[in-house]
Amino acid sequence: MSRIRYLTIPLNESAVENYYNGIENDGNTLEWSISEKEFEQLLECKVFETINEQCKLMIDDFESEIVDKNSIEKAVKCIKETYGKNPSDTLKTLLSYAEKALECETIMALDF
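Residues numbered from 1 in each chain as written. Predicted model: local features only at pLDDT ≥ 70, side-chain atom pairs only at ≥ 80, totals over all residues. Heavy atoms only, no water.

Things to note about the pattern of salt bridges
Working step 1: A complete count under the given rule lists seven salt bridges for this structure.
Working step 2: Residue arginine 5 is joined to glutamate 36 by a salt bridge in which the shortest nitrogen-to-oxygen separation is 3.1 Å. Taken together, the positions of arginine 5 in strand E1 (residues 5-10) and glutamate 36 in helix H2 (residues 36-44) put the pair 31 residues apart, joining distant regions of the chain.
Working step 3: By relative accessible area, arginine 5 is classed as buried at 2%.
Working step 4: Judged by its relative accessible area of 31%, glutamate 36 is partly exposed.
Working step 5: A salt bridge links lysine 80 to glutamate 99, with the shortest nitrogen-to-oxygen separation between them at 3.8 Å. Taken together, the residues lysine 80 in helix H4 (residues 72-85) and glutamate 99 in helix H5 (residues 89-104) connect sequence positions 19 residues apart.
Working step 6: Given the relative accessible area of 33%, glutamate 99 is considered partly exposed. (Salt bridge = Lys/Arg side-chain N within 4 Å of Asp/Glu carboxyl O. Helix = DSSP H or I, 4+ residues; strand = E, 2+ residues; numbered from the N terminus. Buried < 20%, exposed > 50% of the residue type's maximum accessible area, 1.4 Å probe, protein only.)

This is the structure:
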């Protein structure tokens, strides 16, 4: 049985508050339902390890993690560097979501 994993980008501060308060689908978020295959690809290219190291996080398969607005620029850089070495549609998708969080000055929430 495959697990459901989500990456959520609140598009404004109100949506960030709603996310922290457990209010889902307020219409002001982007959400990516990450398939088992996509998740395995992200693990294999070690993008999460790089983000963890640079942003002092613990993104893994056992818990949720938030890349806050103070760390999102570092995360985008990590994803770009990983994409440069291992280009894939999955990394391109992750990069587009991270760049949206950077543009909106919000967070990237990983709910695994």
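Considering H4
Working step 1: Between the first and last C-alpha of H4 there are 20 Å, a value that for 14 residues agrees with the 20 Å anticipated at 1.5 Å per step.
Working step 2: Listed as buried for H4 are Ile72, Ala75, Val76, Cys78, Ile79 and Thr82. Buried residues of H4, viewed axially, fall in a sector of 160 degrees; they line one side. Turned more than 90 degrees away from the buried face of H4 sit Glu73, Lys77, Gly84 and Lys85, all of them exposed.
Working step 3: Of the surrounding elements, those touching the buried residues of H4 are helix H3 (47-55), strand E3 (65-67), H5 and strand E4 (108-111). (Expected span 1.5 Å × (residues − 1). Arc of directions from axis to C-beta. Contact = heavy atoms within 4.5 Å.)

Topic: the pairing of E4
Working step 1: Sheet topology places E1 next to E4; three bridges connect them, and they run antiparallel. From the neighbouring strand, threonine 8 faces E4, where its bridge partner is alanine 109.
Working step 2: In this structure, E3 lies alongside E4, joined through three bridges in antiparallel fashion. Among the inter-strand pairings, valine 67 is bridged to a residue of E4, identified as methionine 108. (Pairing = 2+ DSSP bridges.)

Here's the deal with the sheet that holds E3
Working step 1: Strand order in the open sheet formed by four strands is E2-E1-E4-E3, and the pairing between neighbours is antiparallel. Here the strands that pair on one side only, and so sit at the sheet edges, are strand E2 (29-34) and E3. This sheet shows a mean twist of 15 degrees between the axes of neighbouring strands, independent of strand direction.
Working step 2: Contacts from helix H1 (residues 13-20) reach E1, E2, E3 and E4, with the element oriented near 145 degrees to E1.
Working step 3: Most of the contacts of H2 go to E2, to which it runs at about 90 degrees, and overall it touches E1 and E2. (Axes fitted to C-alpha atoms, helices over the stretch in contact; angles between N-to-C directions.)

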